[in-house]
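# Observations on the three-dimensional arrangement
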Amino acid sequence: MTGVFSGIPPVFYFCGMPILSAMNITLRFGGPPLLDKVSFDIESGDRICLVGRNGEGKSTLLKILSGDMKADSGDIVKRSGLKISRMIQEIPAHLEGTVRDVVFSGVGGAAGDGHHNAHAEAILGKTGIAADALFDSLSGGQKRRVLFARALAQDPDLLLLDEPTNHLDIPAIQWLEGIVTRLNCAVLFVSHDRAFVRRTATRIFELDRGRVRSWDFPYDKFVQFRDQALAEEEKANALFDKKLAEEEVWIRKGIQARRTRNEGRVRALIKMREERAARRSRVGNVNMQITEAEKSGRLVARLTDVNYSYDGSPLISNLTTEIFRGDRIGIVGPNGSGKTTLLRLILGELAPESGTVRLGTNLQVAYFDQMRTRLREDKSLVENIGDGQAYITLNGVKRHVLSYLQDFLFSADRARGPISALSGGERNRLLLACLFSHPSNVLVLDEPTNDLDMETLDLLADLIADYKGTVLTVSHDRAFLDSVATEILAIEENGNVFEAVGGYSDYEANRKQREKEAASAARAMAEREQTRGQQGSVAARATPAEAPKKKKRSYNEEREYAALPEKIEALEAEIAQRQTELSKPEVYTNAVRIVELQGEIAEREAALERAYLRFEELDALG
């Protein structure tokens, strides 16, 4: 088989023929089957996203397909010689050695054949990580990139990815998108990152109530058709339940129901009862509410010329900004750039090396820690929430802890059990439950989206929209940032923090415009330097008698030169006026006006640059 980075289009591989077929896969851990006669086909070149609520069994299904777990019944039919590799959700704790050692372990170590070694070396180079770096010394995001490379190094026909974007920063996610969309092998992946799914998936597998339904659509079209199907299902169930209720009334009438001529109707009723008992309801939605404290002061934090470095490298440089009550700030930047450090500086938990941080009054902070250190592993879910008390008070209403945990989809048995039994998504739900049970007026969310299903993310976004306090969130989920943030603080090169109004898409558009303008300015500068060099060369070759006289400004150039300072001042005033308008609260929700203002600012900044250059040229003429 050609390597996964080959330029051969997927269509040339067994077009239309399944490379793997799952047939009636069933798995039960007590209670209803986790997987209930699951059947589907995967064809070469497919890029399939497996979606479903937390706890539906998505990771379990990937384990069965890779052969790492056995189903109770059913068959997996594979094309002869099919190679499958899997990237697991969690980072293994037992991996040792260098990055090269870990990547090559996917092909049987450095002793593999020449083809596979060359293939592994090519993939290793795409990680952007030093091959001789120790795996244990890497950040979580870097380790995920290495594990992805290890899975690819096996040159698979089917690549299974479980939450591949977890712990990756946005540039790394975009790097991953580029590779996945160019692979010639089939890919089946689990992800809750909508932007990643939209850009990569050509099909959707939905795992719902133990069954898999295949949708041959991209994600947004899948959502549209799924919602229609669920509405039709709900309507059909309502009609069925109404008919069943009518039949139950009839059977209770007594003697006429037992007559011979009605035995068929009685048998039909028994069958309807069995069908109703077998029906599985969809997993409910989390019912979250934030316990809000009294309002904070209008000013939440003011940072003035704040600097902070680590090991001599600047993390935050000369940051001056203000955060006011009700702001919703998204913080972005590459892994290791200092996002959590910036959060701690804003909250006053970390003192800057220079500059000042002034905090507002009456701040009550609820902090979602991406490492989940708030959770006490030796306690049950109930003990984590109630601290030994059976009741908690939420917005003035007394609630039993078990009832409160049911709002977050934890059954009574699960709530009394240990945290160690929870999945990543369940741990995040529990941490949200802990946070929201305490009054707050500043909500700090450090990577809240990892492992949460899309439905819970939607509810969290809605909750943040209704929250009357201030929100600070670090996230690599672009769709989530677009839905919740009204301003972005982006940590860029050398610790410089760029402020952009709007969500992540607005920041990215602004960044691309700045890069475009910088590239244009660099080209213009290079052209001027080249022109000056050529002029200097000609002047050097000329004899003193031949040296040209210095050119004087013409009458028209003199008038242009005199008018330029006023023009420059006018452009600077227009830019300042539009930047002021961008900062007004009423503009936050007007996406059209934001884009217009950013375009007008970019246009005037370009005109200002040209005016300065022309002034320098005319000034040099004397």
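Analysis parameters
- Residues numbered from 1 in each chain as written.
- Predicted model: local features only at pLDDT ≥ 70, side-chain atom pairs only at ≥ 80, totals over all residues.
- Heavy atoms only, no water.
- Helix = DSSP H or I, 4+ residues; strand = E, 2+ residues; numbered from the N terminus.
- Buried < 20%, exposed > 50% of the residue type's maximum accessible area, 1.4 Å probe, protein only.
- Contact = heavy atoms within 4.5 Å.
- Areas by Shrake-Rupley, 256 points an atom, 1.4 Å probe, with all protein chains shown as cover.
- Core = buried A, V, L, I, M, F, W, Y, C linked by side-chain atoms within 4.5 Å.
- Expected span 1.5 Å × (residues − 1).
- Pairing = 2+ DSSP bridges.
- Axes fitted to C-alpha atoms, helices over the stretch in contact; angles between N-to-C directions.
- Parallel < 35°, antiparallel > 145°, perpendicular 65-115°, else oblique.
- Nonpolar A, V, L, I, M, F, W, Y, C, P; charged D, E, K, R; others polar.
- Phe/Tyr/Trp six-rings, centres within 6.5 Å; stacked < 30°, edge-to-face > 60°.
- Lys NZ or Arg CZ within 6 Å of the ring centre and 35° of its normal.
- Salt bridge = Lys/Arg side-chain N within 4 Å of Asp/Glu carboxyl O.
- Patch = residues over 30% accessible without salt bridge, like charges linked within 9 Å, V, L, I, M, F, W, Y side chains within 5 Å.
- Lys, Arg positive; Asp, Glu negative; His and termini not counted.
- Charge placed at Lys NZ, Arg CZ, Asp CG, Glu CD.
- Left-handed = near helix turned anticlockwise from the far one by under 90°.

Moving on, we come to the overall build of the chain. Scanning the chain from terminus to terminus reveals 19 helices and 20 strands. Each of the 622 residues in the chain was classed as buried or not, and the buried ones make up 47%. Sequence-distant contacts, at least 24 apart, represent 69% of the contacts inside the chain between residues at least 6 apart. Counting only carbon and sulfur atoms, one obtains 51% of the accessible surface of the chain, whose full area is about 31,100 Å².

By size, the foremost hydrophobic cluster in this structure holds 45 residues, and its most contacted members are Phe148, Leu159 and Ile204. Looking at which element gives the most residues to this core, the answer is helix H4 (residues 140-153), with seven residues. Leaving out residues up to four positions away in the same chain, Leu159 has contacts with Ser85, Phe148, Ala151, Leu152, Leu183, Cys185, Ala186, Val187 and Leu188. If you look at the next biggest cluster of nonpolar residues, it comprises 37 residues, including Leu430, Leu452, Leu457 and Tyr467.

The end-to-end C-alpha separation of H4 is 20 Å, in line with the 20 Å expected for 14 residues at 1.5 Å each. Counting buried residues along H4, 11 of its 14 residues qualify, which places the element largely inside the surrounding structure. Residues Gly141, Lys143, Arg144, Arg145, Val146, Leu147, Phe148, Ala149, Ala151, Leu152 and Ala153 constitute the buried set of H4. Downstream of H4 by a residue or two, Asp155 has a phi angle that is positive, lying close to 55°.

Let us now look at the sheet that holds strand S2 (residues 35-43). Strands pair in a sheet through their backbones, by hydrogen bonds, and they do so in one of two ways: parallel or antiparallel. In space, the three strands of this open sheet follow the order S2-S1-S4, with antiparallel pairing throughout. Of all strands in the sheet, those with a lone pairing partner are S2 and strand S4 (73-78), marking the two edges. Between one strand axis and the next, the sheet turns by 5° as a mean value, whatever way the strands run. Taken together, the six bridges between strand S1 (residues 18-27) and S2 define a ladder with antiparallel strand orientation.

In this section: the pairing of strand S19 (residues 487-491). Across the five residues of S19, five count as buried, placing the element largely inside the fold. Side chains Glu487, Leu489 and Ile491 of S19 all project onto a buried face; the interleaved residues Ile488 and Ala490 project onto the opposite face, where all are buried too. Where strand S12 (residues 328-332) meets S19, four bridges bridge the pair, whose relative direction is parallel. Looking at S19, one finds that Ile331 is bridged to Leu489. Note that S19 and strand S20 (residues 497-501) share five bridges and pair antiparallel. Across the sheet, Ala490 pairs through a bridge with Phe498, a residue of S20. Between S19 and the antiparallel strand that follows it, S20, lie five residues; Asn494 among them carries a positive phi value of about 60°.

Here we take up the packing of H4 against helix H5 (residues 170-182). The geometry of H4 relative to H5 is characterised by a closest axis approach of 12 Å and an angle of 10° between their N-to-C directions. Taken together, the axes of H4 and H5 are roughly parallel relative to one another. Contact with H4, carried on its side by Arg145, Phe148 and Leu152, involves Ala172, Trp175, Leu176, Ile179 and Val180 of H5 and no other residues of that element. The residue inventory of the contact of H4 with H5, partitioned by class, reads seven nonpolar, no polar and one charged.

Moving on to the packing of aromatic side chains. Enumeration over the complete set of coordinates arrives at nine aromatic pairs. Residues Phe148 and Trp175 carry aromatic rings whose centres are separated by 5.9 Å and whose planes lie at 75° to one another, so their mutual orientation is edge-to-face. You can see Phe148 sitting in helix H4 and its partner Trp175 sitting in helix H5, a full 27 residues away along the chain. Here Phe148 and Trp175 have matching classes, each one buried. Each ring, one from Tyr404 and one from Phe408, has its centre 5.2 Å from the other, and the planes form 65°; the classification is edge-to-face. You'll find Tyr404 and Phe408 in the same group, each marked buried. An aromatic cluster is built from Trp215, Tyr219 and Phe222, whose rings are joined through pairwise contacts. In this structure, Arg298 packs its charged tip against the face of Phe324, placed 4.4 Å from the ring centre.

Attention now goes to the pattern of salt bridges. Counting across every chain of the model gives 24 salt bridges. Taking the shortest distance from any N to any O, the salt bridge between Asp36 and Arg211 comes out at 3.7 Å. Pair noted here: Asp36 is in strand S2 and Arg211 is in strand S9 (residues 211-215), with a separation of 175 residues, a long-range link. Under the relative-accessibility criterion, Asp36 is labelled buried at 17%. A relative accessible area of 44% means that Arg211 is categorised as partly exposed.

Taken together, Lys295, Arg298, Arg325 and Lys468 make up a surface patch of like positive charges. In this fold, Lys295 is placed in the loop between helix H8 (263-278) and strand S10 (299-310). On the basis of relative accessibility, which here comes to 62%, the residue Lys295 falls in the exposed class.

Closest axis-to-axis distance for the helix H7 (residues 219-251)/H8 pair is 10 Å, and the angle between their directions is 135°. Accordingly, the angle class assigned to the pair H7 and H8 is oblique. Both H7 and H8 take part in a crossing whose hand is left-handed. Residue-level contacts link Phe240, Asp241, Lys243, Leu244, Glu247, Glu248, Trp250 and Ile251 of H7 to Arg265, Val266, Leu269, Met272, Arg273, Glu275 and Arg276 of H8. In terms of residue class, the contact of H7 with H8 is made up of seven nonpolar, no polar and eight charged.

Residue position: Arg53 is located in the loop between strand S3 (47-51) and helix H1 (58-66). Along the sequence, Arg53 and Glu206 sit 153 residues apart, while their C-alpha atoms lie 9.4 Å from each other.

A few words now on unusual backbone geometry. In the Ramachandran plot, Asn24 falls in the positive-phi region, its phi being about 55° despite a non-glycine side chain. By the element assignment, Asn24 lies in strand S1. Positioned with a positive phi, His167 is a non-glycine residue whose angle comes to about 75°.

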